[in-house]
Structure formats: structure tokens, C-alpha cells
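As a plain string of letters, each chain reads:
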Amino acid sequence: MSVEAALLLPVVLALIALLAQPACVLYTRSVMAATAGELARLAATSRGSEEDLRAFALRRLAAVPDVPIFHAGGSQAWEVSCDGPNERGRVSVSIEGRVRPLPLFGALVAALGTVDGGEVVVRVEVSCALRAEWLEGSYDEWVGMWG
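Reading the values: rules and limits
- Residues numbered from 1 in each chain as written.
- Predicted model: local features only at pLDDT ≥ 70, side-chain atom pairs only at ≥ 80, totals over all residues.
- Heavy atoms only, no water.
- Helix = DSSP H or I, 4+ residues; strand = E, 2+ residues; numbered from the N terminus.
- Buried < 20%, exposed > 50% of the residue type's maximum accessible area, 1.4 Å probe, protein only.
- Contact = heavy atoms within 4.5 Å.
- Areas by Shrake-Rupley, 256 points an atom, 1.4 Å probe, with all protein chains shown as cover.
- Patch = residues over 30% accessible without salt bridge, like charges linked within 9 Å, V, L, I, M, F, W, Y side chains within 5 Å.
- Salt bridge = Lys/Arg side-chain N within 4 Å of Asp/Glu carboxyl O.
- Phe/Tyr/Trp six-rings, centres within 6.5 Å; stacked < 30°, edge-to-face > 60°.
- Lys, Arg positive; Asp, Glu negative; His and termini not counted.
- Charge placed at Lys NZ, Arg CZ, Asp CG, Glu CD.
- Pairing = 2+ DSSP bridges.
- Polar contact = N/O pair within 3.5 Å; in protein donor to acceptor, adjacent residues only side chain to side chain.

## Considerations on the overall build of the protein
Helix and strand counts for the protein come out as four helices and four strands. Every one of the 147 residues in the protein was classed for burial, and the buried ones make up 28%. For the protein, contacts bridging at least 24 residues in sequence account for 62% of all contacts bridging at least 6. Of the roughly 9300 Å² of accessible surface on the protein, a fraction of 63% belongs to carbon and sulfur atoms.

Following this line, the structure appears as C-alpha cells:
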């Protein structure tokens, strides 16, 4: 019985680690995608500055644990860029972070992103028109009409 357990225990632990690493990366990516969507809506509807938008994104990204298998580098390592809205209401948001994979599973996690210096770059981009195409006039014109 103990010989089977000695063989089975490392196999089970390797399988758990094999499932844990992609789950950590996918959790980070899902938080990044949700943050990018919220940031795009905020950028289209607010009059906040770039610093305000970045602070909003960093508050949302704080849901990602500061552990290298989730996110390497702390809150200052997040790269957040937001362009827009332009005259048609189009906003583009990109968020980039880095993940340091477990030693044996680097090749598996590398399939989910770009490898740079032993870390996997995870990037999320959202680009959307947050204003209907048929809607004419600017925000200020609408406020003047109804205000």
C-alpha cells in the first residue's frame, strides 16, 4: 500500500499544480478584462483626467493577488492606457501585466501570452463604441438641451 501511495502522491500534486497555474492566469486575465470594460465606460461618460482613470483601474486591479503566479511587480507594474472618447464616442483601453509561472509549467503558461525575461506578458484590449451611431450632437449639446 505504501509503494502505491509513494507513486500516487507526486502524480496527484503535479496534476494539481498543472491545473492551478492556468487557473491563476485566467483569473488575472478575467479581472483585467472586466476592468478594461469598466474603464472604457468610465472614460466615455466622465470628465476625469488620465490620473483619475488610472487610479480607478488600479483599484479594480487590486483584486488580483500580489503573488508572482497571479501578477508580478506590484501595483506599479500595471500598464494602463486609455484613448478616447473621440468625436464618434469610440474608446480604446489596454491593460498589461506580467505573470511569473511556476518553474515546471512555464511552457504551458507561455501559450497563454508572450514570454519576456521569464515572465509571461498578459495583455487585454477593449475597443468599443459606447455611443449609438444614430445619436448626434455632443454631450454638452445634450446637457444644454435638457438642462
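## Side note on a nonpolar patch on the surface
A cluster of nonpolar side chains, contributed by Leu8, Leu9, Val12, Leu13 and Ile16, occupies part of the molecular surface with about 480 Å² of accessible area. Residue position: Ile16 is located in helix H1 (residues 2-45).

## Brief notes about the packing of aromatic side chains
For the coordinates displayed, the defined rule picks out one aromatic pair. With 6.0 Å between their ring centres and 85 degrees between their planes, Tyr27 and Phe70 make a pair best called edge-to-face. Here the residue Tyr27 occupies a position in helix H1, and Phe70 occupies one in the loop between helix H2 (50-61) and strand E1 (79-83), the gap between them amounting to 43 residues. The exposure class of Phe70 is buried, given its relative accessible area of 18%.

## A short note on a negative patch on the surface
A contiguous patch of negative charge, built from Glu50, Glu51, Asp52 and Asp83, is present on the exposed surface. Considering each element in turn, the negative patch owes the most residues, three residues, to H2. Looking at where Asp52 falls in the secondary structure, it is placed in helix H2. For Asp52, a relative accessible area of 47% translates into the label partly exposed.

## What to know about the pairing of strand E2 (residues 90-99)
On any regular strand, side chains alternate: one points to one face of the sheet, the next to the other face. In terms of burial, E2 is a largely internal element, seven of the 10 residues being buried. In this structure, E1 lies alongside E2, joined through five bridges in antiparallel fashion. Of the residues in E2, the one forming a bridge with Glu79 is Glu96. Where E1 folds back onto E2 in an antiparallel hairpin, the turn is made up of six residues, including Gly84, whose phi is positive at roughly 120 degrees. Inspection of the sheet shows E2 paired to strand E4 (residues 119-129) by 10 bridges, in the antiparallel sense. Along E4, the bridge assignment pairs Arg98 with Val121.

## Details of the environment of Ser92
Turning to its location among the elements, Ser92 is positioned in strand E2. The exposure class assigned to Ser92 is partly exposed, which follows from its relative accessible area of 30%. When the C-alpha positions of Ser92 and Ala40 are compared, they lie 6.8 Å apart, and in sequence the two are 52 residues distant. Residues contacting Ser92, with those up to four places away along its chain left out, are Ser81, Cys82, Asp83, Val126 and Ser127. Among the polar contacts listed, one links the side chain of Ser92 to the side chain of Ser127, at a separation of 3.3 Å.

## A look at the side chain of Glu96
Inspection of the secondary structure assignment puts Glu96 in strand E2. Polar side-chain contacts of Glu96 include one of 2.8 Å to the side chain of Arg123. Those residues within four positions of Glu96 in sequence are excluded, and the remaining contacts are Met32, Ala77, Trp78, Glu79, Val121, Val122 and Arg123.

Treat this as a map of the structure, not an account of what it does.
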